[in-house]
Amino acid sequence: MLDLNFIRNNAETVKKAILNKRENGRVDELLEVDSRKRSLLFECEQKRNRLNKTSKEISGLKKSKQDASELISDMKVLSQEIKEFEQKLRNVDHELNDIVIRIPNIPAEDVPVGLDESANLEIKKWGDRKEFNFTPKPHWEVGSTLDILDFDRGSKISGAGFVLYKGFGARLERALYNFMLDLHTTEHGYREIFPPYLVNRQSMFGTGQIPKLEDDMYQTREEDMFLIPTGEVPVTNIHRDEILSIDHLPICYTAFTACFRREAGAHGKDTRGMTRVHQFNKVELVKFTHPDTSYNELEALLINAEKVLQLLGLEYRILKLCTGDLSFASTKCYDIEVWAPGTKSYLEVSSCSNFEDFQARRSNIRFRDKDKKVKFVHTLNGSGLALPRTMIALLETYQLEDGTVAIPEVLQKYMGGVQKIEI
RNA sequence: GGAGAGGUGGCUGAGCGGCUUAAAGCGGUGGGUUGCUAACCCAUUGUCUCGUUUUAGGCGGGACCCCGGGUUCGAAUCCCGGCCUCUCCGCCA
């Protein structure tokens, strides 16, 4: 969420940001409620001041055994008044809060303004388009032929949008995330985390999934808990309500987690194969940084994520998202899209975002700066990478004419030396 | 799931209706002493927020002792509800 004081002083900037992001936000109403709240607060505090002072007087009178009954009956009235004010104040505060938490973060200066994905800026292409002397098949065909992906049984067990990995399919999945984790921990300096998959409401609020995306998540009935849609949620919340030492910044974590998404608004989209599924694995990168360095750290994070595809030898491009495609909480975001030759499309495998202090303010994650002041950290995250789409690109890129799939060299040691998946 | 104990500042820990503006210790910061370190001595030490003034920062008020309600002139302290932690029992991978 944004700083209320910032919104007061920069209402037009905020309105413009909302417009550019194609979000909703009631800024004028916010300002009105805010000023109503402050005048209530002022009045309430004055009454409270009088009450506090008089209570001390009563205490003194009682000690010297003097009569205080008049003051006490006065205070009885005042106390009741204060209760009424506090109730009003609580209501106004809720009203205010309800508006402010729904106002999106402001795009960074260098983010292109645009309505939708067509305005995204392609800023990099890596790798050569692989030549096939046959027509490359989509991954669902490759996977079914090799009996390493089983879509029918996945939906029998759980429903549409669930995949069963079998044999070397399961092994390849394991190889991929072990490879990614090893790379990020040993080469890129991230600390490995294995978090809970089920989190409470406050954690979901902290990273911004609640209230906007509440319906996209799986929720438990009895406990008011949510299955995480991304590792970002538990990992960012590690430091919720903490004051970090500046000496520890930046803190860099990587985590392998399953992710669960209802995809409620995406029925009929990408139904074939495993481009869009309800449960998938992902290796996440999360950073907590000093405000001065967050944009540099974003570039570094992007490079760390790219490295995975480079080592796997998969062609990809990088998009700088325009304002209209930017998520609610982010100020700037790069998407990495891997090329899938079988389905002939670019698939998003990572979104690397800076949230500045938006999540930190919601989750109350702070640090003590050199000037001894307590400030909010900046939080960042990106996938490094999402597994199913990486696997899609891998199967489709490394498929051979005879239906087998070659294993890239970096993965072979994770596959027990297997160089090729055969029938 | 049952029974009990408990949640207090960066940490340990006292307080259990007004003498708390939260003791004391540790730690941190500044200074002193000292050949250097250690030790010792002195001072200082939270967060949020409102108002006012502003160069920095002051000054005044309010809130905060897990969270939310309540009782009371007055709550860290009493009552109710919730969350979390620990111990024991039961169940279980």
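The coordinates are above.
Residues numbered from 1 in each chain as written. Chains lettered and ligands numbered in written order. Predicted model: local features only at pLDDT ≥ 70, side-chain atom pairs only at ≥ 80, totals over all residues. Heavy atoms only, no water.

Student: Just to check I follow, could you spell out the overall build of chain A for this structure?
Tutor: In terms of helices and strands, chain A carries 13 helices and 17 strands. Based on the C-alpha atoms only, the size of chain A along its principal axes is roughly 100 × 45 × 45 Å. Taken across its 423 residues, chain A has 51% of its residues classed as buried. Split by element, the accessible area of chain A, about 20,900 Å² in all, is 48% carbon and sulfur. (Helix = DSSP H or I, 4+ residues; strand = E, 2+ residues; numbered from the N terminus. Buried < 20%, exposed > 50% of the residue type's maximum accessible area, 1.4 Å probe, protein only. Areas by Shrake-Rupley, 256 points an atom, 1.4 Å probe, with all protein chains shown as cover.)

Student: Is there a simple way to explain the sheet that holds strand β12 (residues 345-354) in this structure?
Tutor: Strand-to-strand pairing in sheets goes through backbone hydrogen bonds, with the strands running parallel or antiparallel. With mixed pairing, the 8 strands of this open sheet are ordered in space as β1-β10-β11-β12-β15-β9-β8-β4. With one partner strand each, in any of the chains shown, β1 (121-126) and β4 (191-193) form the two edges of the open sheet. If you compare each strand with its neighbour and ignore which way they point, the axes differ by 25 degrees on average. As defined by bridge partners, strand β10 (residues 316-320) adjoins strand β11 (residues 332-340) across 5 bridges and the pair is classed as antiparallel. Residue Arg317 lies in a different strand from β11, and its bridge partner there is Glu337. On top of the sheet, helix α7 (residues 168-187) reaches β4, β8 (251-260), β9 (279-289) and β15 (378-386); it is set at about 5 degrees to β9, its chief contact. (Pairing = 2+ DSSP bridges. Axes fitted to C-alpha atoms, helices over the stretch in contact; angles between N-to-C directions. Contact = heavy atoms within 4.5 Å.)

Student: Where do I start with the protein's contact with RNA strand B in this structure?
Tutor: Surrounding RNA strand B, one finds 24 residues, the nearest of these being Glu45, Asn49, Lys76, Ser79 and Arg90. In RNA strand B, atoms within 4 Å of the protein come from the sugar-phosphate backbone in 78% of cases. Only α3 (27-63), α4 (69-100) and β13 (365-368) provide two or more residues apiece to the surface near RNA strand B. Looking at which element gives the most residues to the surface near RNA strand B, the answer is α3, with 13 residues. Its residues placed into classes, the surface near RNA strand B shows 7 nonpolar, 5 polar and 12 charged. (Near = heavy atom within 4 Å. Nonpolar A, V, L, I, M, F, W, Y, C, P; charged D, E, K, R; others polar.)

Student: What should I look at first to understand the pattern of salt bridges in this one?
Tutor: Two side chains bearing opposite charge may form a pair once their charged atoms approach each other closely. Scanning the entire structure with this criterion turns up 29 salt bridges. Connected through shared salt-bridge partners, Arg26, Glu29, Asp98 and Arg102 make up one network. (Salt bridge = Lys/Arg side-chain N within 4 Å of Asp/Glu carboxyl O.)

Student: Sorry, what's going on with the sheet that holds β13 here?
Tutor: Judged by pairing direction, the sheet is mixed, and its 3 strands sit side by side in the order β7-β13-β14 without closing on themselves. Strands at the two margins of the open sheet, each flanked by one partner only, are β7 (242-245) and β14 (374-376). Sheet twist, expressed as the average angle between the axes of neighbouring strands with direction ignored, equals 40 degrees. Judged from the 4 bridges that link them, β7 and β13 form a sheet pairing that is parallel. From the neighbouring strand, Leu244 faces β13, where its bridge partner is Phe367.

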